[in-house]
Amino acid sequence: MKKQLLLFVLCSLFLVSCEKNDLDLIVTNSTLAPNEFALLFPGETVFGLNHVEVNNGETVFLHTNSFDNVTLTLIDDSGRIIWTKEHHNILGYIASHISAFPFLHNNKIIVFTTGSGLHRYEFDLNGELLNSKTIIANDGGYRLSKEGGVVHGVKTIVINPGTDTRIIKVSLEGDLIETINVSTSSNISSENWVKIKNDRIYMFGRSLNQGPDLSDDIYFCEVFDRLGNLITRIETPTPANQLPHTQLVLNNGNILIAVANYTSDISNNPNSYDLRLFDPQGALIRNLTFESPGDNLQLRELPNYKIAIAGKEKSSSSGMKQSQFVVLNSSLDEMYRRNIGSFDGNETFYILKEYLNSYHMYGFTSGTDGDFDLPNNSSTRDLFYLKLDK
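Residues numbered from 1 in each chain as written. Predicted model: local features only at pLDDT ≥ 70, side-chain atom pairs only at ≥ 80, totals over all residues. Heavy atoms only, no water.

(A) Structural view of the pairing of strand β7 (residues 108-114). Of all 7 residues that make up β7, 6 are buried, and the element is covered over most of its length. Of the strand pairs in this sheet, strand β6 (residues 100-105) and β7 are connected by 6 bridges, and their pairing is antiparallel. Within β7, the position partnered with F103 by the bridge is I110. The turn joining β6 and β7, which pair antiparallel and follow one another in sequence, is formed by 2 residues; a positive phi near 55 degrees is taken by N106. Note: β7 against strand β8 (residues 118-123), 6 bridges, orientation antiparallel. Note on β8: the bridge partner recorded for F112 is R120. The antiparallel hairpin formed by β7 and β8 contains 3 residues in its connecting segment. (Buried < 20%, exposed > 50% of the residue type's maximum accessible area, 1.4 Å probe, protein only. Helix = DSSP H or I, 4+ residues; strand = E, 2+ residues; numbered from the N terminus. Pairing = 2+ DSSP bridges.)

And the structure:
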């Protein structure tokens, strides 16, 4: 009798252990935690603009299905859509998330946009438009960012050789404070390669065949003061199997340069990325190789000098979600990692943000399983919005 009882107990423990392991596998690779959620906004012409946290864990997601309207969607902390407000013919031409910049100010949602010009829109917390203002007419295409109590707009014009860059500073109320023009003999490929931080201007570029080996290129960062005077220039070689990818300037003055690594032919997708961290004087702090195949790696600065990374998972194990979200600290040490998305890994990520108790991001997916096994999945390309607990 005792032997039978012992056998029963051992079998029960074995079954419980198997059930727990199966459950852990499901939680890790198939479902989100109870306080997390994924939402889909189907449609080939739908794309995201940005998102902003308002209160009580609620966020307002800005998205659009044309170039001249915007939809504001309030999402609560559990992923429930509270309301959706669509506004037509108010934003002018919107090319991407770069040209729509929202933030919370005086308990209102402020949205700066730049397309045909520079505009400011003010919405209440119910998504109703209160007023609008044209700051600059018939001169758009600025890349927008916010630092403290001002919004910066950056616009570059390549004059070959060299680049003319116009930088505007605007108050949160939409008043133009000043315009700065900076000229450099280097070619700066786009507004994305110019950053404004702590009253300094950072211009990133690439000099062809200028490395120690003449087949190498030089990836550089030129740092200017607010008057356009050159302070320093940071250089890092990029051999023939590497290409510049992303640049970040952290609030502590450190500079992160991400370089894509290719096995041989740069016409194929990269298989990893070198994350090169420099101090404000240009000394290399660390070079970290981040494994992520594909060319859609997204990097964003988070509070406290942290860095968020989203892209394709390095492992192709069956039954594992094939996108990854990672948070690094200021020394590039990993402090958070999650496998997310679909089992195919067909995700492209855009804006990554950290809010009070969670991480929020959006992008596109063509996956139909994993986090996106949802009733409204279109099986083609869908805009997604994803929340993860810290």
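(B) Examining the packing of aromatic side chains more closely. Tallied over the full model, the rule gives 14 aromatic pairs. Where W193 meets Y219, the ring centres are 5.8 Å apart and the plane angle is 50 degrees; that geometry is what we call tilted. Separated by 26 residues along the polypeptide, W193 in the loop between β13 (176-184) and β14 (194-197) and Y219 in strand β16 (residues 217-225) bring together distant segments of the chain. Assigned by exposure class, W193 and Y219 land together as buried. (Phe/Tyr/Trp six-rings, centres within 6.5 Å; stacked < 30°, edge-to-face > 60°.)

(C) Examining the sheet that holds β13 more closely. One open sheet holds the 4 strands; their spatial order is β10-β11-β12-β13, and the pairing between them is antiparallel. Sheet topology places β10 (143-147) and β13 at the edges, where each strand pairs with a single neighbour. With strand direction ignored, the average angle separating the axes of adjacent strands in the sheet is 20 degrees. Pairing of β10 with strand β11 (residues 150-158) involves 5 bridges; the strand directions are antiparallel. Residue pairing in the sheet places K146 in a bridge with V151 of β11. (Axes fitted to C-alpha atoms, helices over the stretch in contact; angles between N-to-C directions.)

(D) Up close: the pattern of salt bridges. Tallied over the full model, the rule gives 23 salt bridges. Note that E178 and K169 form a salt bridge whose closest N and O atoms lie 3.5 Å from each other. Of the charged contacts, one joins D199 and K169 as a salt bridge, the two residues approaching to 3.7 Å between their closest N and O atoms. Here D199 is found in the loop between β14 and β15 (200-207), whereas its partner K169 is found in strand β12 (residues 163-171), with 30 residues between them in sequence. Given a relative accessible area of 40%, D199 falls into the partly exposed group. On the basis of relative accessible area, K169 is assigned to the buried category, the value being 15%. Overlapping salt bridges, with partners in common, bring together K169, E178, D199 and R226 in one network. (Salt bridge = Lys/Arg side-chain N within 4 Å of Asp/Glu carboxyl O.)

(E) Up close: the environment of L352. Following the sequence through the fold, L352 ends up in strand β26 (residues 347-354). What makes L352 buried here is its relative accessible area of 3%. In the structure, L352 is positioned 43 residues away from I309 in sequence and 8.1 Å away in space, judged by C-alpha atoms. Setting aside residues no more than four positions away along its own chain, L352 makes contact with Q298, R300, L302, A308, I309, A310, F325, H360 and M361. (Contact = heavy atoms within 4.5 Å.)

Taken by themselves, the reported measurements are silent on function.
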